[in-house]
Amino acid sequence: MNTAKEIVKKIVEGIQEKKGQRIVVADLSHIEGTIAQYFVICQGNSPTQVEAIAESIGDMVREQLHEKPAHVVGLERAQWVAIDYTDVIVHIFVPELREFYDLENLWQDAKMEEISE
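S.K.: I'd like a rundown of the nonpolar core, residues and numbers included.
M.R.: Grouped together as the largest cluster of nonpolar side chains are 26 residues, with contacts concentrated most on Ile-11, Val-40, Ile-57, Tyr-85, Val-88 and Ile-92. Once residues lying within four places of it in the same chain are set aside, the contact partners of Val-40 are Val-8, Ile-11, Val-12, Ile-15, Ile-23, Val-24, Val-25, Val-88, Ile-89, Val-90 and His-91. Core analysis: the next-biggest nonpolar cluster, separate from the first, contains 10 residues, Leu-28, Ile-31, Ala-36 and Phe-39 among them.

S.K.: Could you give me a rundown of the pattern of salt bridges, with the residues and numbers involved?
M.R.: Within the structure shown, the criterion is met by three salt bridges. In this structure, Glu-13 engages Lys-10 in a salt bridge whose closest nitrogen and oxygen atoms are separated by 3.2 Å. A residue pair is termed a helical-turn pair when its members lie 3 or 4 positions apart in one helix, as Glu-13 and Lys-10 do in helix α1 (residues 4-17) at three residues. Between Glu-104 and Arg-98 there is a salt bridge, with the nearest N and O atoms lying 2.4 Å from each other. Judged by relative accessible area, Arg-98 falls into the buried class, the value being 2%.

The rules behind each value
Residues numbered from 1 in each chain as written. Predicted model: local features only at pLDDT ≥ 70, side-chain atom pairs only at ≥ 80, totals over all residues. Heavy atoms only, no water. Core = buried A, V, L, I, M, F, W, Y, C linked by side-chain atoms within 4.5 Å. Buried < 20%, exposed > 50% of the residue type's maximum accessible area, 1.4 Å probe, protein only. Contact = heavy atoms within 4.5 Å. Salt bridge = Lys/Arg side-chain N within 4 Å of Asp/Glu carboxyl O. Helix = DSSP H or I, 4+ residues; strand = E, 2+ residues; numbered from the N terminus.

These results come straight from atomic positions and should not be treated as a statement about function.
Here's what the structure looks like:
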């Protein structure tokens, strides 16, 4: 079984492979009662890129860590796709929805790490 940190690393690689932007890893592990240990948040410039990022993440994690997500939602419209790896939840947005939902501000108690592109 892979650790949450290993999964986060592969998720980031999958995002970077498809040129995802503004990658942020939110460490929620020290916050009591959270639904996951980590959120990985990023954006694509269009629904097509959001979908490509989601596919890249799924392929990378499945092929290299042999892990499959518990749930994937939002692929129909590809405006906001959430991929649930139980301890790690990935949020892939188009820019307008990322700004609107502002998850980084919502989880401001988390330790935020911005990943360089």
